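So the chains spell out like this:
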Amino acid sequence: VQLQASGGGLVQPGGSLRLSCAASGSILRINAVGWYRQAPGKQRELVARIFSGGSTNYADFVKGRFTVSRDNAKNTVFLQMNSLKPEDTAVYYCNAFVIDFWSHESSYWGQGTLVTVSS
């Protein structure tokens with residue numbers, strides 16, 4: 001199983017980006033998927049998470065600005081980021097709990113995608 005994160009880039013304050021996390025491989029089902037971020041010199045932190053039933057939770061610092069969603073048919077999870085601030089600058093990672101064809105659940109990480117918010 002592989003996770004491919006994409007969609008990062010340079011955006012001005014107040015702008016928007018949409019990140020994608022696509023899973024591929026021997027996937028029976030994807031359970032919870034989380035988006036995390038790590039800024040230079042800081043620890044990795046949870047940004048948002050979506051569960052298999054569609055319920056979500058968000059870190060307080062992104063509530064009302066970011067939205068996580070999923071397309072189960074495409075094994076893809078999205079993070080829509082609006083009203084971006086310079087402090088949102090970080091490498092964003094996705095993490096998924098995947099059940100494979102042999103009914104084993106494992107945790108996987110994507111490679112990270114850089115988001116830079118700057119004028």
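Below, the structure is looked at part by part. (Residues numbered from 1 in each chain as written. Predicted model: local features only at pLDDT ≥ 70, side-chain atom pairs only at ≥ 80, totals over all residues. Heavy atoms only, no water.)

**Here we look at the side chain of T76**
Moving on, step 1. Along the chain, T76 turns up in strand β8 (residues 76-81).
Moving on, step 2. Residue T76 is classed as buried on the basis of its relative accessible area of 11%.
Moving on, step 3. A polar contact is formed between the side chain of T76 and the backbone oxygen of K74, at a distance of 2.8 Å.
Moving on, step 4. Beyond its immediate stretch of four places on either side in the chain, T76 contacts S20, C21, A22, S69, R70 and D71. (Helix = DSSP H or I, 4+ residues; strand = E, 2+ residues; numbered from the N terminus. Buried < 20%, exposed > 50% of the residue type's maximum accessible area, 1.4 Å probe, protein only. Polar contact = N/O pair within 3.5 Å; in protein donor to acceptor, adjacent residues only side chain to side chain. Contact = heavy atoms within 4.5 Å.)

**Some points on the nonpolar core**
Moving on, step 1. Core analysis: the largest hydrophobic core is formed by 30 residues, its most contacted members being W35, V47, F66, L79, M81 and Y92.
Moving on, step 2. Only β1 (2-6), β3 (17-24), β4 (27-38), β5 (45-50), β7 (66-71), β8, β9 (90-100) and β11 (113-117) provide two or more residues apiece to this core.
Moving on, step 3. Broken down by element, this core gets its largest block of residues, 5 residues, from β9. (Core = buried A, V, L, I, M, F, W, Y, C linked by side-chain atoms within 4.5 Å.)

**A short note on the packing of aromatic side chains**
Moving on, step 1. Tallied over the entire structure, the rule returns 2 aromatic pairs.
Moving on, step 2. An angle of 55 degrees between the planes, with centres 5.0 Å apart, marks the rings of Y36 and W109 as tilted. Taken together, the residues span a long stretch of sequence, with Y36 in strand β4 and W109 in strand β10 (residues 105-109) at a distance of 73 residues.
Moving on, step 3. Sitting over the ring of Y93, R44 keeps its end group 3.8 Å from the ring centre. (Phe/Tyr/Trp six-rings, centres within 6.5 Å; stacked < 30°, edge-to-face > 60°. Lys NZ or Arg CZ within 6 Å of the ring centre and 35° of its normal.)

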